[in-house]
Amino acid sequence: MRTLLGKMSLSILGLIAAAPAFAQEDGYERDPAAGWDYLWHEIVIDITVIGIIFSIAAIWMVWKYRTKDENAVGTAPKLSKAAAIAWVLIPASLFMADDFFLSAKGWTLWNDYRRIPDEAKEIRVTAYQWYWEFDYGDEIITEELVVPKGQPIVLRMTSEDVLHSLYIPGFRVKEDVMPGRVTYVWFNPKEVGEYVHTCTEYCGTAHAEMATNVRVVEQEEYDAWFEQVKEEAKAASLNDNTQG
Amino acid sequence: MSTESSHAHEHHWEWSQAPFWVVTGVFFLVPLTFAAYFQYQDPLLAAIFAGLGTPMLLAGIAMWVNEGLTVKPLIADVAGVGLPIFIVSEIFIFLSFFATYWMMRLGAESWPPEGTPDFPVTLPLIMTVVLVSSSITIHVAEEKYEHDDQAGFRKWLMITMALGFIFVGMTFYEYNHLFHQDFYPDTNAFGTVFFSLTGFHASHVIGGLGIFVCVLIPAFKGMTNKTFITCASVYWHFVDVVWFFVVSQIYFW
Amino acid sequence: MTMQTFKEWFFTTDHKRIGIMYLVGSMAAFVVAGLMALLIRLEQSNLGPTITDNPNEYNSWLYFHGAAMVLAFLIPGLTGFFANYFLPLMIGAQDVAFPRINAFSIWLFYGAIILAMLSFVIPDPPDVMWTGYPPYSISTTSNTAFYVFTLHLLGFSSVLGAVNFLVTVIYMRAPGMKWNQLNIFTWTTVAAFVLQLIFIPVLASAVTMLLFDKYLGTNFFNPEAGGDVLLYQNLFWFYSHPAVYVIFLPACGILFEIFATMCKNRVFNYKACVYGGIWGIVGISGFVWVHHLYVSGMPDWLRIGQMVTTLLISVPVGLLVMSMWGTLYKGAITFNTGMLYAVSCLFLVLSGGLTGIPLALTAITIHLSETSFVHAHFHFIMAMFSAFAMFAGIYYWFPKMFGRFADGPWATTGFIFNIVGVHVTFIPLFIIGVEGMPRRYWDYQMFPQFEPYHQVATVGAFMVATGMAITILNWVRAAFKGKVAPENPWKSCSMEWTHAPNCPQAGNFPNPPSVTDDWSPYGYDDREANMAATTDPGFPAQVKPAE
Ligand code: HEA
Ligand code: HEA
Ligand code: CUA
Ligand SMILES: [Cu+2]
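Please read these numbers as outputs of a predicted model, since none were measured by experiment. (Residues numbered from 1 in each chain as written. Chains lettered and ligands numbered in written order. Predicted model: local features only at pLDDT ≥ 70, side-chain atom pairs only at ≥ 80, totals over all residues. Heavy atoms only, no water.)

This part takes up the site of ligand 1. As a matter of local geometry, ligand 1 sits amid 33 residues, with C:Trp130, C:Tyr245, C:Ser369, C:His377 and C:Arg439 nearest to it. Per-site note: the chains with residues close to ligand 1 are chains A and C. At 3.1 Å from an oxygen atom of ligand 1 is found a main-chain nitrogen or oxygen belonging to C:Leu359. Looking at the shell around ligand 1, the elements with two or more residues in it are α2 (32–64) and α3 (81–114) of chain A together with α8 (231–263), α11 (314–328), α12 (337–354), α13 (356–360) and α15 (372–402) of chain C. (Near = heavy atom within 4 Å. Polar contact = N/O pair within 3.5 Å; in protein donor to acceptor, adjacent residues only side chain to side chain. Helix = DSSP H or I, 4+ residues; strand = E, 2+ residues; numbered from the N terminus.)

This next bit is on the packing of helix α3 (residues 55–90) of chain C against helix α4 (residues 99–118) of chain C. Residues and elements named next belong to chain C. Running from N to C, α3 and α4 cross one another at 165°; their axes reach a closest spacing of 11 Å. In terms of axis orientation, α3 runs roughly antiparallel to α4. With respect to the hand of their crossing, α3 and α4 are arranged in left-handed fashion. Contacts between α3 and α4 pair Phe64, Ala72, Pro76 and Asn84 from the former with Asn102, Phe109, Ile113, Ala116 and Met117 from the latter. Taken together, the residues that form the contact of α3 with α4 break down as seven nonpolar, two polar and no charged. (Axes fitted to C-alpha atoms, helices over the stretch in contact; angles between N-to-C directions. Parallel < 35°, antiparallel > 145°, perpendicular 65-115°, else oblique. Left-handed = near helix turned anticlockwise from the far one by under 90°. Contact = heavy atoms within 4.5 Å. Nonpolar A, V, L, I, M, F, W, Y, C, P; charged D, E, K, R; others polar.)

This part takes up the pattern of salt bridges. In the structure shown here, the tally under the stated rule is 19 salt bridges over all chains. A:Asp37 serves as the salt-bridge partner of A:Arg172, at 2.8 Å between the closest nitrogen and oxygen. Linking A:Arg172 in the loop between β6 (164–168) and β7 (173–177) with A:Asp37 in helix α2, this pair joins segments that are 135 residues apart in sequence. Of the residues examined, A:Arg172 reaches a relative accessible area of 19% and is grouped as buried. Relative accessible area serves as the criterion here: at 36%, A:Asp37 is assigned to the partly exposed category. Here B:Glu67 makes a salt bridge to C:Arg100, at a shortest N to O gap of 2.6 Å. Residue B:Glu67 is found in helix α3 (residues 43–70), and its partner C:Arg100 is found in helix α4; the two belong to separate chains. One exposure class covers both B:Glu67 and C:Arg100, and it is buried. (Salt bridge = Lys/Arg side-chain N within 4 Å of Asp/Glu carboxyl O. Buried < 20%, exposed > 50% of the residue type's maximum accessible area, 1.4 Å probe, protein only.)

Before going further, it helps to spend a moment on the coordination of the iron atom of ligand 2. All names here are of chain C. Here the iron atom of ligand 2 is held by His65 (NE2) and His379 (NE2), and the distances to it run 2.0 Å. Its six donor atoms give the iron atom of ligand 2 angles of 86 to 178° at the centre, a pattern that matches the octahedral case. Note that His65 is positioned in helix α3 and His379 in helix α15, a separation of 314 residues in sequence. Here the two residues His65 and His379 agree in accessibility, since each one is buried. (Donors = N, O, S within 2.8 Å, 3.2 Å for Na, K, Ca; no water. Tetrahedral: all angles 85-135°; square planar, octahedral: opposite > 155°, others 65-115°.)

Turning our attention to a nonpolar patch on the surface. Residues and elements named next belong to chain B. Among the surface-exposed residues, Ile91, Leu95, Trp102, Leu106 and Trp253 lie close enough to one another that they form a single nonpolar patch of about 500 Å² accessible area. With respect to the helices and strands, the residue Leu95 is situated in helix α4 (residues 79–107). Owing to a relative accessible area of 37%, Leu95 belongs among the partly exposed residues under this scheme. (Patch = residues over 30% accessible without salt bridge, like charges linked within 9 Å, V, L, I, M, F, W, Y side chains within 5 Å. Areas by Shrake-Rupley, 256 points an atom, 1.4 Å probe, with all protein chains shown as cover.)

Here the focus is helix α7 (residues 189–220) of chain B. Residues and elements named next belong to chain B. Under the 1.5 Å per step criterion, the end-to-end length of α7 is 46 Å for 32 residues, consistent within 8% with the ideal 46 Å. A side-chain oxygen of the first residue of α7 lies 3.0 Å from the backbone nitrogen of Phe190; this N-cap is Asn188. Positive phi appears at Gly222, one or two residues downstream of α7, with a value of about 80°. (Expected span 1.5 Å × (residues − 1).)

We now examine the pairing of β6(A). Residues and elements named next belong to chain A. Within β6, five of the five residues are buried, leaving the element largely enclosed by the surrounding structure. Of the two faces of β6, the one holding His164, Leu166 and Ile168 and the one holding Ser165 and Tyr167 are both buried throughout. Bridging between β6 and β7 involves five bridges; their strand directions are antiparallel. Considered in β7, the bridge of Tyr167 is made with Lys174. From the end of β6 to the start of β7, which pair antiparallel, there are four residues, and Arg172 there has a positive phi angle of about 60°. Here two bridges tie β6 to strand β9 (residues 193–199), and the two strands are oriented antiparallel to one another. The residue of β9 that forms the bridge with Leu166 is Cys199. (Pairing = 2+ DSSP bridges.)

Contacts are most numerous between chains A and C, considering all two pairs of chains that are in contact. Across the gap from chain A to chain B, with no contact made, the nearest C-alpha atoms are 13 Å apart.

It is worth spelling out the coordination of the copper ion (ligand 4) at this point. Residues and elements named next belong to chain C. Coordination sphere of the copper ion (ligand 4), protein contribution only: His241 (ND1), His291 (NE2) and His292 (NE2), at 1.9 to 2.1 Å. Going along the chain, you hit the donors of the copper ion (ligand 4) in the pattern H-x49-H-H. Between the two metal centres, the copper ion (ligand 4) and the iron atom of ligand 1, the spacing is 4.5 Å. Pair noted here: His241 is in helix α8 and His292 is in the loop between α9 (270–285) and α10 (300–312), with a separation of 51 residues, a long-range link. With relative accessibility at 28%, the residue His292 sits in the partly exposed group.

This paragraph deals with the site of ligand 2. Residues and elements named next belong to chain C. Close contacts around ligand 2 come from 33 residues, with Arg41, Tyr58, His65, His379 and Arg440 the closest. Between Tyr58 and ligand 2, the recorded distance is 2.5 Å, taken from a side-chain N or O atom to an oxygen atom. At 2.7 Å, a backbone N or O of Arg440 approaches an oxygen atom of ligand 2. Elements with a contribution of two residues or more to the shell around ligand 2: α2 (15–44), α3, α15, α16 (409–435) and α17 (451–481). Ranked by residues supplied to the shell around ligand 2, first place goes to α2 with eight residues. In terms of residue class, the shell around ligand 2 is built from 23 nonpolar, seven polar and three charged.

So, on to the sheet that holds strand β8 (residues 183–187) of chain A. Spatial strand order, β3-β2-β1-β5-β8 (chain A): five strands in an open sheet with mixed pairing. Strands at the two margins of the open sheet, each flanked by one partner only, are β3 (141–142) and β8 of chain A.

Residues and elements named next belong to chain A. In space, the five strands of this open sheet follow the order β4-β10-β9-β6-β7, with mixed pairing throughout. Each end of this open sheet is capped by a strand with a single partner; those strands are β4 (145–148) and β7. When strand polarity is set aside, the average angle formed by the axes of neighbouring strands in this sheet is 20°. Across four bridges, the pairing between β4 and strand β10 (residues 212–217) is parallel. Bridge pairing in β10 places Pro148 opposite Val217.

Residue and element names in this part refer to chain A. Residue Gln129 is joined to Trp130 through a cis peptide bond whose omega torsion reads 0°. When you line up the elements, Trp130 lands in the loop between β1 (121–128) and β2 (131–135). You will see that Arg172, though not glycine, has its phi angle at about 60°, which is positive.

Often, the extent of an interface is quoted as the loss of accessible area upon association of its parts. If you look at the interface, chain B gives 50 residues, while chain C gives 70 residues. Taken together, both faces of the contact between chain B and chain C bury some 5,400 Å²; the carbon and sulfur share is 76%. Looking only at chain B, the three residues that lose the most surface to chain C are B:Trp13, B:Trp15 and B:Gln39, adding up to 14% of its buried area. Here chain B is connected to chain C by one salt bridge. The interface formed by chain B and chain C contains 13 residue pairs in polar contact (both at pLDDT 80 or more). Elements with a contribution of two residues or more to the side of chain B that touches chain C: α1 (2–9), α2 (18–39), α3, α4 and α7 of chain B. A total of 14 residues in the side of chain B that touches chain C trace back to one element, the largest contributor, which is α4(B). Each residue belonging to the side of chain B that touches chain C can be placed in one class, and the counts come to 33 nonpolar, 13 polar and four charged. (Buried area = accessible area lost by both parts, 1.4 Å probe.)

Next comes the structure, spelled out in structure tokens:
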């Protein structure tokens, strides 16, 4: 019984070990994409270690206990009651410790993903079979997403027909876009460049072609682009008006 | 040892055509007919499929009932255990529909949604009375059967069936009434839930009636089986109990 | 073949023959769905149109591939074929409780396969993928009805199978056989059928609503009229996550039988395996479905809550795995082809199961969901682990079914092609999945850098095809011409080997067995005593080296 108690307290220690996962390092910058890469790295190590331990155990046993004698029998002892219970509690506690550790890490990152920074700029997105529309407000609607570097962006998304999903692999964000509901994602474009922006919820024939680009540009370039779009929009609406 | 091995020699490969014909019948009657009518909008083709499927289905059921009453099963009476296990599954079907209803209703801004007429409350009450009495009459029928009163058994079984038919009739009457008030399954979310839940329940009543027919016809020829009757009645009680949930949730909430 | 033998096969109600019919049907589904996979791989092997320029065609291949592999190959193969053929033999029963209902189930299954195959000849075949999400499945012009009815037929078949087998195990165990004397395979099958019984009705309801919405104009999933777009996904995954354990559990059960026999060892920590592992999985499986909806805009508390429950699945699975590993410990391990596949499964369960762990984290799945990383995860656990467990079982029980061995150089060749091929196919998908390759893409113009990976994967798929062709042809050959096997060739202690002859006849057991409390299906430490603990000595001769 003593050993059992000892083993149990050991496993509780394991559970407590999960607690530091909630603590955050200093100077942590809230950026989901960087957080994703960091946690991904950790979790790959985590599962690789587990995988290697179990693989080695399997290889070792299959090798060590192989025999040519067809009449040999295994000699594994029958477990005593205490041993049987210990063989449940200890592994279960260790697995649970890892699970809670990962949950805590995942939860922290999840909060980053969901909490929109105050300074974020809002752009509304509408999905159609099979293209995207970006609404910058003031009736300025584009078919291409252009954002200034360093400016957190929040996309509020809805669909006019079936389900779609907005996916920008470069920013590690994705969320379904649905008729009758508004969902959101936010990201922080830190590098200038072009990023693929595509659809990852099956939406029919041209599902694989429902892609566009996100262009991240310097602030000045963005302002120029925005002015130009505004002019074009004005011209178009004037046109509409004159044509009746 | 010799007696045992002679016992072993009794075994031969068992076979039955009934399941094949029931499935083939269902295959034509449901998926093919439905798709022909609704997907390909070809009523003639649908009629042909239904015309092929129905006789196969009926023949299969007749064969099955006959075998069920004549062939000795491997172990007796376990059907009385199998049916409740199957009912667990049925309960989950109804639960899914109820869960759907709850989600829609509790998520809605106002309920019932626009376009819903006022519902009569007396009719469902009468329907409840009819269905509950049918549960009592089928119980009486079982009692009669246990006391070897075949004629009484048939009589009470038929009374039960009559009550079942009245119930189904009232359902259709009510549907008709609602259609006249422009309330259809596609009117709004409540129409969808209302017709699917009550319709689904009614289809179970019709199914129960079908089982009773399968009990009754051979009974006239003196072919009956205690387990079969118990199963039919347990199923009927189950359908009855479900009705309480339908009534309380749909009409009186 | 006389008319009588024809009827005795075609209209059979015998569990073994029905089992064989399940085997044939599910392997046929595998071959056709596998051929679809080859078309998919060919199409993706190059940027731009490769073998078709019509995405709809690709979509209906993928529909058939996904639906048939999961619903017509693995589930019926594991719960239809293996449970039918071996479960009654393991518990010492002469047949199942309701043989006619059993025949009914097999015909429903064949009905579903025929309906699914009709999609190759009808106009507007279903293109809704095996998940059938609305509103697309409602607004599409293609034949969603066939999708719905295929699921109905299979579902009804499984529910009846569940009723049948639960009653069988409860009432038809050999006299004296206690619950703790059941084979692990029997337990896993019981657990799988409990899952089917409870969860299939939910799937059936979900697709019925789909049918009504599309063809009768109801508003279940129509947000404009008060319906809910996400309702379907919730109901669908409420079934379809537990469904993965309907696959996983019997697959593990088969492996336990093989390991116990080939290691001549007791199952390590039997009770922990059964009550902690198997029933623990059943217990948690109903509370994790939201992990398929991490990017579907579910409320945060659901996403976080079910992240934790999903991760906790690793505890019962871990207990099962510990028992599996423990069964090897101090064993006396001999090898045959079945064992080869089984040993490979030890590693596949790790690569398949552990890649579920990142997917379980909401925040990580934000990036990985709907990419080929998910493909790689589930192909490792289904196409490799579960399918290989099936193949292992087929080799292992081949002598029981056909009285002949299927082992031999061809079997090993097939195995090597298969194991190498699947890795060559799916490891590239892991890599490009993390880089962002989306699912269900017939073309990927925006990701030209992935082309070489797709090409490697295509090569791998053809290696598997070669391996499978060899394997299947080898089975067919061996069934008729293979080396004749002695009774109980692997010297198992389990009842299907010790008490039923090879190619069991009608009635299964020459003398219906009964057992005492000292008997165990894994009683290798004292075989003689174990045999003596059954009233019928079975084939005592085989305990000594058989020739
Ligand atoms: C047989 C089938 C099968 C099985 C068994 C599993 C098992 C698991 N799956 Fe998988 N999964 C699928 C088939 C399966 N899956 C399919 C088909 C899909 C895609 C469906 C679609 O969209 O079309 C999918 C998708 C899928 C998703 C959704 C991805 C997405 O679409 O965004 C997720 C997310 O959580 C997930 C997680 C898991 C987890 C955590 C397990 C766990 O059960 C795994 C548990 C096993 C282990 C963990 C390894 C062994 C344990 C140990 C060695 C103990 C120690 C371990 C730890 C402490 C971690 N799976
Ligand atoms: C049990 C499940 C299972 C199995 C075994 C497989 C097996 C395979 N799968 Fe499948 N797959 C799924 C389940 C499965 N898959 C599911 C659920 C999906 C998701 C669908 C969706 O998104 O909706 C999917 C999706 C999927 C995709 C994604 C496509 C896309 O998203 O655009 C791809 C692409 O590579 C693929 C490939 C393969 C390959 C190459 C195999 C190979 O392992 C197949 C090997 C087998 C063969 C090649 C047949 C061999 C036989 C012969 C050659 C016949 C010889 C004949 C005689 C001797 C008579 N699968
Ligand atoms: Cu839009 Cu896929
Ligand atoms: Cu899942």
